[in-house]
Amino acid sequence: MPTLIERGRAAGLPQHVALVMDGNGRWAAARGLPRTAGHQAGARAAERLIRFAGRRLGLPYLTLFAFSAENWKRPAAEVEFLMDLLDQFIEEKLAEFVREGVRLTVLGDPGGLPDRLRERVRRAVEATERNDRLHLAIALNYGARQEIVRACQRAASAASTGAIAVDDLDPAGFARFLDTNGMPDPDLMVRTSGEMRLSNFLLWQAAYAELYFTKTLWPDFTPAELLAAVSSYQNRERRFGGVGGSGA
Ligand code: IPE
Ligand code: IPE
Ligand code: MG
């Protein structure tokens, strides 16, 4: 019997989709609402997407960019609201994650998070660590350059103790020191709200990801639109530097 992942691959489904959830503030402004209302609506959109990805799409890996290492530059009240919202989100969803086989992990530096949220995350990661239906990674206080530097520090310290030999370090060996250790690279990266940039998201892992940009603001992003992104992905030819087609 082929596994779910093998069946998905045969159907040309991506194994790992990474989403930059952008446009909450503009969604709220368009309605004359405060930015925080946009974040609240964005959390509901994330909830729908996670359910759809796990239950209907059978996607093995989903990564959501929730708060960047640069988002601390925002007004203190917005940052505080976002930290509380994330805390609440994980608290509310944990029972469902446990029941539905969702494994939660976090990318980014937990050291910079408020104590309460850091502890909430730690407990949720621990409570779901044996789940294997959908691996949900939330990027929280995440910046790709910071992640790569942390990985270099870990690699250097492993080399200094003799756990690895510097000459043996290759791309696959280095990737083991990244926060995404054990996850496949994203096949498809989606960014909402019309911005066409990566904003320091998964710079290493995105080397061969297919990119999909939509003008839809994150709170309006629906499962149907995720399917449209997947369908666009399925119609692309990934060459990985080869010549493609039968000559690949
Ligand atoms: C994405 O929406 C959420 C976070 C970055 C936390 P934004 O808050 O960036 O919304 P816009 O881009 O200002 O519309
Ligand atoms: C990227 O969005 C970060 C998240 C979606 C969490 P931003 O809104 O922070 O990105 P910039 O500032 O427009 O590049
Ligand atoms: Mg934004």
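Provided above is the structure to which this section pertains.
Treat the numbers as computed from the prediction; the structure is a model and nothing was measured.

Asks: Help me understand the packing of aromatic side chains in this model?
Replies: Summed over the entire model, instances satisfying the criterion amount to seven aromatic pairs. Geometrically, the ring pair formed by Phe65 and Tyr142 is edge-to-face, given 5.9 Å between the ring centres and 85° between the ring planes. Within this pair, whereas Phe65 is found in strand β2 (residues 61-68), its partner Tyr142 is found in strand β4 (residues 134-142), the two being separated by 77 residues in sequence. An identical accessibility class is assigned to Phe65 and Tyr142; each is buried. Measuring from centroid to centroid gives 4.3 Å for Phe65 and Phe201, while their planes differ by 5°, and the two rings are stacked. One end of the pair, Phe65, is in strand β2; the other, Phe201, is in the loop between β5 (188-191) and β6 (210-213), and 136 residues separate them in sequence. For Phe65, a relative accessible area of 8% corresponds to the buried category. Taking the relative accessible area as the measure of exposure, Phe201 reaches 0% and is therefore buried. Connected via pairs of aromatic rings, a cluster forms that spans Phe65, Tyr142 and Phe201.

Asks: For this particular structure, what's the right way to read the pairing of β6?
Replies: A regular strand places its side chains so that they alternate between the two faces of the sheet. Every second residue of β6 is oriented toward a common face, the buried set being Glu210 and Tyr212 and the non-buried set Leu211 and Phe213. Here β5 pairs with β6 via four bridges, running parallel. Residue Leu188 lies in a different strand from β6, and its bridge partner there is Glu210.

Asks: Even after reading the chapter, I still don't get the site of ligand 1, so can you show me in this structure?
Replies: Lining the immediate environment of ligand 1, one finds Met21, Asp22, Gly23, Asn24, Gly25, Arg26, Arg35, His39, Ala66, Asn71, Arg74 and Leu82. Residue Asp22 places a side-chain N or O atom 2.9 Å away from an oxygen atom belonging to ligand 1. Here an oxygen atom of ligand 1 sits 2.9 Å away from a polar atom, N or O, in the side chain of Arg35. Protein chains bury 87% of the 380 Å² of accessible surface belonging to ligand 1 in isolation. With respect to the detected pockets, ligand 1 is housed in the largest pocket. Among the secondary structure elements, those contributing two or more residues to the shell around ligand 1 are α2 (24-30) and α3 (35-57). With three residues, α2 is the single largest residue contributor to the shell around ligand 1. Classifying every residue of the shell around ligand 1 by side-chain character gives three nonpolar, five polar and four charged.

Asks: Is there a simple way to explain the packing of α3 against helix α8 (residues 223-234) in this structure?
Replies: A pair of packed helices is captured by two measures, namely the crossing angle of their axes and the spacing between those axes. At their nearest, the axes of α3 and α8 sit 10 Å apart, and the two run at 60° to each other. Put simply, α3 runs oblique to α8. Two packed elements cross with a definite hand, and for α3 against α8 that hand is right-handed. Taken together, the residues of α8 that come into contact with α3 (itself represented by Arg48, Leu49, Phe52 and Leu57) are Pro223, Leu226, Leu227 and Val230. Looking at the contact of α3 with α8 residue by residue, the classes come out as seven nonpolar, no polar and one charged.

Asks: Help me understand the layout of surface pockets, please; the structure alone is not making it clear to me.
Replies: Gaps left between atoms are located by rolling a probe of water-molecule size over the structure's atoms. Quantified by volume, the largest pocket comes out at close to 670 Å³. Lining the largest pocket are 31 residues, and of these Met21, Phe65, Ala66, Asn71 and Arg74 sit closest to its centre. Residues belonging to the lining of the largest pocket are distributed by class as follows: 14 nonpolar, nine polar and eight charged. As a volume, the second largest pocket reaches approximately 210 Å³. If you go around the second largest pocket, the residues you meet are Thr105, Val106, Leu107, Gly108, Pro110, Arg118, Val121, Arg122, Val125 and Asp179. When residues of the lining of the second largest pocket are traced back to their parent elements, those giving at least two are β3 (102-107) and α5 (115-127). Top contributing element to the lining of the second largest pocket by residue count: α5, with four residues. Looking at the lining of the second largest pocket residue by residue, the class counts come to five nonpolar, two polar and three charged.

Cut-offs applied
- Residues numbered from 1 in each chain as written.
- Chains lettered and ligands numbered in written order.
- Predicted model: local features only at pLDDT ≥ 70, side-chain atom pairs only at ≥ 80, totals over all residues.
- Heavy atoms only, no water.
- Phe/Tyr/Trp six-rings, centres within 6.5 Å; stacked < 30°, edge-to-face > 60°.
- Helix = DSSP H or I, 4+ residues; strand = E, 2+ residues; numbered from the N terminus.
- Buried < 20%, exposed > 50% of the residue type's maximum accessible area, 1.4 Å probe, protein only.
- Pairing = 2+ DSSP bridges.
- Near = heavy atom within 4 Å.
- Polar contact = N/O pair within 3.5 Å; in protein donor to acceptor, adjacent residues only side chain to side chain.
- Areas by Shrake-Rupley, 256 points an atom, 1.4 Å probe, with all protein chains shown as cover.
- 1 Å grid on protein atoms, 1.4 Å probe; cavity = no way out; pocket = protein on both sides within 12 Å on 5 of 7 lines; lining within 4 Å.
- Sits in = over half its atoms within 2 Å of the grid points.
- Nonpolar A, V, L, I, M, F, W, Y, C, P; charged D, E, K, R; others polar.
- Axes fitted to C-alpha atoms, helices over the stretch in contact; angles between N-to-C directions.
- Parallel < 35°, antiparallel > 145°, perpendicular 65-115°, else oblique.
- Left-handed = near helix turned anticlockwise from the far one by under 90°.
- Contact = heavy atoms within 4.5 Å.
- Points joined across faces, edges and corners; volume = space filled by probe spheres on them.

These figures come from the coordinates and say nothing about function on their own.
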